[in-house]
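# Structural overview
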Amino acid sequence: MAFLADALSRVKPSATIAVSQKARELKAKGRDVIGLGAGEPDFDTPDNIKKAAIDAINRGETKYTPVSGIPELRKAIAAKFKRENGLEYSWEQTIVGTGGKQILFNAFMATLNPGDEVVIPAPYWVSYPEMVALCGGTPVIVATTQENNFKLQAADLDRAITPKTKWFVFNSPSNPSGAAYTHGELKALTEVLLKHPHVWVLTDDMYEHLTYGDFKFVTPVEVEPKLYDRTLTMNGVSKAYAMTGWRIGYAAGPLQLIKAMDMVQGQQTSGATSIAQWAAVEALNGTQDFIPVNKKIFEGRRDLVVSMLNQAKGITCPSPEGAFYVYPSCAGLIGKTAPSGKAIETDEDFVSELLESEGVAVVHGSAFGLGPNFRISYATSEALLEEACKRIQRFCAACK
């Protein structure tokens, strides 16, 4: 009898976490490494949010909380959905988790049975298919193309749906591509979903507040209210509020699903950290003035990185609408020889040689289900981004 669960054989470690760890290890050995693998804003958590946490500690808000979250935060979440997305949820229809990742995992754990299929567009956040597999479901990956700006086409979604499909996972703006769907593009997808009433929608809106130029964010139920009774809308405070380490994600959806997720969480972690929850109340209810300021900084970084990468030999880099990632193609380098003499046969070879040769840590696109590409997080200073892009240009020029 094997000691470890069979489920572990169906999943892989997180590639993004692995890249960040590798960069840390090389730095510890004295290597000059620029890590562009982590999906984490370099801004500090705003002072009003930090003060709310300190005040909560001083008030003695340090006990266990209800599994689904403190009422004050759940009411703030319901108010946020009404204020920003035009969605009406009672606070009982909301749930708070230890980061968005737990929200997603609990939704799958509460609903998936062996044989259930989950449609996931590629490129995808690395954890989606692994969570589905861990929870006993079957990921159904649907590739997008760079020509369509990595956006799923309605006909491709329609073809992927079968009688076994339970969920469609939707992420806009996207990690890793930064692609964000317009109202019209999302309407085409929701029209398909209306034809398949057995399919639920799990929408990951974590990068909602990070869209650029005149782009207007919309979420699926906002576009098609008829999907309200079969949609879980997930979000969190990590990205827009620079609160990654606070570990607060949240969602709203049909009460039956929220209760099922509450039951899973009650036997798993119980409530999220009390102090972080009070900080999140202030994040959602307090001033939002810093969000457009940070957005403008991210937009400038995006433009810098896209421009410099498109000047690198063999690299093509589209300009995404949102998030803080770019997803360039390294197809022009496949088949070349790196400065070390090693052949570059895959995008994984490309990022490995780039790290060894120039000390730039990025994540290979095949980890996100679509290559030959790589992901760069531009959530770091312009000076570091400029230096990293110069190194990438130098590396590409040296490949023969």
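Here, the structure is the one placed above.
Basis of the calculations
Residues numbered from 1 in each chain as written. Predicted model: local features only at pLDDT ≥ 70, side-chain atom pairs only at ≥ 80, totals over all residues. Heavy atoms only, no water. Pairing = 2+ DSSP bridges. Helix = DSSP H or I, 4+ residues; strand = E, 2+ residues; numbered from the N terminus. Buried < 20%, exposed > 50% of the residue type's maximum accessible area, 1.4 Å probe, protein only. Disulfide = S-S within 2.5 Å. Salt bridge = Lys/Arg side-chain N within 4 Å of Asp/Glu carboxyl O.

### Brief notes about the sheet that holds strand 9 (residues 325-326)
Sheet strands pair by backbone hydrogen bonding; their relative direction is either parallel or antiparallel. Ordered in space as 9-12-11, the three strands form an open sheet in which the pairing is antiparallel. Of all the strands in the sheet, the pair left with one neighbour each is strand 9 and strand 11 (363-364).

### Concerning the pairing of strand 6 (residues 200-204)
Buried residues dominate strand 6, accounting for four of its five residues. Relative to strand 6, strand 5 (residues 165-171) runs parallel, the two being bridged by five bridges. Opposite phenylalanine 168, over in strand 6, you have valine 201 as the bridge partner. By the bridge criterion, four bridges tie strand 6 to strand 7 (residues 231-236) in an arrangement that is parallel. What sits directly across from leucine 202, in strand 7, is leucine 232.

### Focus: unusual backbone geometry
Following alanine 122, the chain continues to proline 123 via a peptide bond in cis, the omega torsion being 5 degrees. Within the secondary structure, proline 123 is located in the loop between strand 3 (117-122) and helix 5 (127-134). Note the cis peptide between glycine 371 and proline 372, where omega equals 0 degrees. Positionally, proline 372 belongs in the loop between strand 11 and strand 12 (374-377). A positive phi angle is found at phenylalanine 150, which is not glycine, with a value near 60 degrees. Relative to the helices and strands, phenylalanine 150 is located in the loop between strand 4 (138-143) and helix 6 (154-160). For phenylalanine 150, a relative accessible area of 8% puts it in the buried group. For alanine 323, which is not a glycine, the phi torsion comes out positive at approximately 60 degrees. Checked against the element boundaries, alanine 323 lands in the loop between helix 11 (290-309) and strand 9.

### A word on the state of the cysteines
As enumerated under the stated definition, the model contains zero disulfides in all. Free cysteine cysteine 389: the closest other cysteine sulfur is in cysteine 317, separated by 8.5 Å. Overall, the relative accessible area of 1% leaves cysteine 389 in the buried class.

### Considerations on the pattern of salt bridges
It is possible for side chains of opposite charge to pair when their charged atoms get near one another. Counted according to the given criterion, the structure contains 24 salt bridges. Across the pair lysine 151 and glutamate 321 runs a salt bridge, and its minimum N-O distance is 3.0 Å. Remark: glutamate 321 occurs in the loop between helix 11 and strand 9 and lysine 151 occurs in the loop between strand 4 and helix 6; sequence separation between them is 170 residues. By relative accessible area, which is 6% here, lysine 151 ends up buried. The shortest N-O distance in the salt bridge between aspartate 303 and arginine 302 comes to 3.0 Å. You can call aspartate 303 partly exposed: its relative accessible area is 39%. Via salt bridges that share partners, Lys80, Arg83, Glu84 and Glu208 belong to a single interconnected network.

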